[in-house]
Amino acid sequence: MQRREFWNRPCPVSWTFLAALCGVLVFTPKGNTQTWTWKNPLPHGNTNNSIQRPGPNVIVIVGDQGRIIRSTDDGKTWRLVQSNTDISFHDESFIDSEYGWACGEDGIISRTTDGGLTWHRQNTGTTKRVYAINFFSRQVGWAVGVGGLILYTSDGGNTWIDKSYHEPHFLRSIYFDDDKRGWIMGWAGLILETTDGGDSWVKKDFNLPGNPEYIYYVNNTVRFICGGNGLMLKTTDRGKNWRMIDSKTGVTLISMYFVGDDIGWAVGKGGVIIKTTDKGETWKRVESGTDADLMDVSFSENGTGIVLGVRGTLLRSTDWGETWKSVSIGPRSSFYSVDFVSQNIGWVMGRDGDFLKTTDGGETWTKQVFAQALQLNGMDFIDERRGWVVGIRGQVAMTEDGGETWTVQQSDKGYRLNSVAFRDPNNGIAVGEGGALLVTNDGGANWTRAGFPEKVELYDVELMGSQCWVVVGARGTIAVSCDNGGSWKKQQPPVTEDLLSVKFIDAKRGWACGTRGTLIITEDGGNTWEQIPTNVYLSLTSVDFANPQTGTVIGAEGIVLTTRNGGKTWTRIARPTEESLVDLRYTDAKTMWVVGHNGTVLHCAW
């Protein structure tokens with residue numbers, strides 16, 4: 001992932017969490033009608049992989065799920081760039097202020113001719129992962145990737161010629177000294193050299209120690225290699241001789257950057273940043289303030305630096321990398337519940353008692369705090385003022401002012417509560433571990449421990465029509481009560497996996513999902529259930545329907561399934577994130593909210 005930058009200017013980055021119009025990142029996968037908008041964290045929560053500065057004050061960052069963000073004011077504000085793909089990008093290369101290329105999964109190489117404003121995919125003729133790309137003029141460029149993939153273009157990428165190496169190595173970076181001599185760095189220290197402009201490649205036997213992974217050219221003679229366990233190697237004679245350098249770290253180093261010949265930085269796993277001021281002879285560890293894996297680093301000539309990494313990590317320094325501050329805004333605790341009482345008013349709830357509230361349809365959010373600070377698992381609001389939350393120690397709390405303050409109604413250290421639902425201001429049910437089941441008919445002023453047929457973990461409770469309740473839980477548990485929780489009738493679904501979420505659109509039609517990709521449907525009030533194949537083997541955590549035909553299921557690692565025929569068949573759409581998703585809520589047939597791990601809050605519109 002050799003970096004080439006053509007403008008060395010300051011790149012300050014500043015984000016205001018409530019500045020949604022500047023900070024929101026929208027993602028529209030090609031071929032899909034869903035538009036995903038990041039609401040937290042900002043600018044987004046997906047992995048950033050590569051940074052370039054194509055022009056004065058212009059910064060372009062590419063990353064996973066086709067994310068491209070761009071700044072034209074040295075990073076003070078950012079805007080979405082429509083990449084026209086959901087495919088992850090790994091690297092980018094700009095040759096000047098207008099022409100740039102980005103490469104990634106599924107053989108993708110996309111080009112921009114307007115400084116990163118618009119991008120168009122080129123035909124590479126391969127579906128292999130393209131891991132690194134480097135252009136040396138508007139016409140001539142190289143790209144490398146898995147399986148020994150080497151691609152060459154002499155017409156700006158309109159056509160790509162396959163010059164792949166005959167052995168299936170994982171190739172990670174490419175650089176040329178001139179139009180004849182070049183190097184490719186591969187996995188486990190592999191180095192390929194060409195002296196004929198790439199017509200042939202020869203494996204070099206430098207007998208490098210450790211686990212080399214990445215090469216960086218400081219100038220025509222000085223090069224560094226870094227890799228696993230803090231490996232740092234330096235050559236001053238184009239690779240004839242290498243010296244081991246003490247990097248002051250034992251973690252994998254992933255990327256490097258130098259300003260001039262003297263000052264440089266390397267970044268790696270676990271939030272590691274190291275710095276040198278003497279041509280890489282000695283290095284010191286710099287506190288980054290994060291433990292996230294860092295993927296790339298870049299500096300301007302006046303000492304303003306950007307470091308980026310996994311889960312939307314974005315750090316900035318204004319003092320030559322001595323200190324760093326996060327410019328990714330918003331809470332990072334996992335969100336476990338989302339609820340909207342209208343198109344505009346809604347809440348997302350974090351496990352550690354963090355709340356975000358919106359009154360303008362998610363354009364801005366206000367942070368609220370649950371004073372008791374206990375682990376919370378479930379939430380239900382019946383209007384813009386009244387709502388309940390449940391969590392560990394059997395706790396139930398109520399708000400009557402839209403979440404500004406909370407009153408504890410029930411607490412019992414003997415069990416955990418996972419879900420709560422209210423039919424009206426008086427009647428509600430909360431469920432949890434060991435078959436714990438609480439019932440109230442006075443708005444929670446009093447909660448009564450009701451009986452459940454067995455001691456099994458209950459994960460969700462929902463209304464089934466206007467009079468009945470349904471609960472789901474471990475080992476395929478489904479039970480229905482039509483006397484406000486007084487008695488329960490167990491149903492017999494065709495699965496034994498844990499059921500994590502249930503949704504009924506009326507008294508007859510319902511759906512439930514759970515572990516190992518389990519998804520089941522009933523059209524007779526649960527008397528019979530049919531299992532729907534999903535081809536998913538991870539947990540499906542939440543299901544919701546906007547109407548009898550339109551529904552969505554979400555799950556681990558960003559899985560999203562949608563249906564437009566009442567759940568008879570489901571379509572797996574492009575993942576908006578790799579974070580595990582936990583809860584979702586429709587506000588109408590064309591609007592949906594999704595929350596999950598690492599502070600993920602997403603808005604989806606059709």
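Here, every reference points to the structure presented above.
Residues numbered from 1 in each chain as written. Predicted model: local features only at pLDDT ≥ 70, side-chain atom pairs only at ≥ 80, totals over all residues. Heavy atoms only, no water.

Asks: Explain the overall build of the protein chain to me, and be specific about the residues and the numbers.
Replies: A count of helices and strands for the protein chain gives 1 helix and 57 strands. For the protein chain, the C-alpha radius of gyration of 27 Å lies close to 25 Å, the compact-globule estimate for 606 residues. By principal-axis analysis of the C-alpha atoms, the protein chain measures approximately 85 × 45 × 40 Å. Counting all 606 residues of the protein chain, 60% fall into the buried class. Total accessible area computed for the protein chain in this model is approximately 22,300 Å², and 45% of it derives from carbon and sulfur atoms. Where the 60 positive side-chain charges of the protein chain centre and where its 68 negative ones centre are 2 Å apart. (Helix = DSSP H or I, 4+ residues; strand = E, 2+ residues; numbered from the N terminus. Rg over C-alpha atoms; globule rule 2.2 N^0.38 Å. Buried < 20%, exposed > 50% of the residue type's maximum accessible area, 1.4 Å probe, protein only. Areas by Shrake-Rupley, 256 points an atom, 1.4 Å probe, with all protein chains shown as cover. Lys, Arg positive; Asp, Glu negative; His and termini not counted. Charge placed at Lys NZ, Arg CZ, Asp CG, Glu CD.)

Asks: Lay out the pattern of salt bridges in plain terms, naming residues and giving numbers.
Replies: With the rule as written, the count across this model stands at 30 salt bridges. One salt bridge connects R223 with D177, and the closest N-O pair in it is separated by 2.8 Å. On the criterion of sequence distance, the pair formed by R223 in strand β20 (residues 223-227) and D177 in the loop between β15 (171-176) and β16 (182-186) is long-range, its members being 46 residues apart. Because the salt bridges share partners, they merge into one network encompassing D96, E98 and R138. (Salt bridge = Lys/Arg side-chain N within 4 Å of Asp/Glu carboxyl O.)

Asks: For the environment of T126, give the residues involved together with the corresponding values.
Replies: For T126, the location among the structural elements is in the loop between β10 (120-121) and β11 (130-135). Judged by its relative accessible area of 16%, T126 falls in the buried class. Linking T126 and V307, residues 181 residues apart in sequence, is a C-alpha distance of 31 Å. One polar contact links the side chain of T126 to the main-chain amide nitrogen of K128, over a distance of 3.0 Å. (Polar contact = N/O pair within 3.5 Å; in protein donor to acceptor, adjacent residues only side chain to side chain.)

Asks: So what's going on with the side chain of T47? Residues and values would help.
Replies: Considering the arrangement of structural elements, one finds T47 in the loop between β2 (35-40) and β3 (48-55). Of the polar contacts made by the side chain of T47, one reaches the backbone nitrogen of R311; its length is 3.3 Å. The contacts of T47, once residues within four sequence positions are left out, are G63, D64, M295, G309, V310, R311 and G312. (Contact = heavy atoms within 4.5 Å.)

Asks: Residue-level account of the sheet that holds strand β8 (residues 100-104), with values.
Replies: Strand order in the open sheet made by the 4 strands is β7-β8-β9-β10, with antiparallel pairing throughout. Edge strands, defined here as strands with exactly one partner in the open sheet, are β7 (89-94) and β10. Across 4 bridges, β8 lies against strand β9 (residues 109-112) in antiparallel orientation. Its bridge partner lying in β9, G100 is registered against T112. (Pairing = 2+ DSSP bridges.)

Asks: I'd like a description of the environment of P548, backed by residues and values.
Replies: Among the structural elements, P548 can be located in the loop between β51 (540-545) and β52 (551-555). Residue classification places P548 among the partly exposed positions, given a relative accessible area of 29%. Placed 49 residues apart in sequence, P548 and L499 show a C-alpha to C-alpha distance of 21 Å. Contacts of P548, omitting those with residues within four sequence positions, involve I505, R509, W511 and G566.

Asks: Give me the lowdown on the state of the cysteines, citing residues and values where you can.
Replies: Using the criterion set out here, one finds 1 disulfide in the structure. C103 forms no disulfide, and the closest cysteine sulfur to it belongs to C226, at a distance of 18 Å. Given the relative accessible area of 0%, C103 is considered buried. Not engaged in a disulfide, the cysteine C513 finds its nearest cysteine sulfur in C604; these two sulfurs lie 17 Å apart. (Disulfide = S-S within 2.5 Å.)

Asks: Account for the environment of L376, with residues named and values stated.
Replies: Mapped onto the elements, L376 comes out in strand β35 (residues 376-381). A C-alpha to C-alpha distance of 8.4 Å links L376 and L417, two positions 41 residues apart in sequence.

Asks: Report on the side chain of S501, specifying residues and quantitative values.
Replies: Structurally, S501 is set in strand β47 (residues 499-504). There is a polar contact of 3.1 Å between the side chain of S501 and the backbone nitrogen of V543. Not counting residues within four places of it along the chain, the set of residues in contact with S501 comprises D460, V472, W511, A512, C513, T541, S542 and V543.

Asks: Now, about the pairing of strand β49 (residues 519-522): what can you tell me, with residues and values included?
Replies: Every second residue of β49 is oriented toward a common face, with L519 and I521 on one face and I520 and T522 on the other, all of them buried. By the bridge criterion, 4 bridges tie strand β48 (residues 510-514) to β49 in an arrangement that is antiparallel. Bridging across to β49, C513 finds its partner in L519. Connecting β48 to the antiparallel partner β49 that follows it, the hairpin turn spans 4 residues, and R516 within it adopts a positive phi of roughly 55°. Of the strand pairs in this sheet, β49 and strand β50 (residues 530-531) are connected by 2 bridges, and their pairing is antiparallel. Bridging from a neighbouring strand, I521 pairs with E530 of β50.

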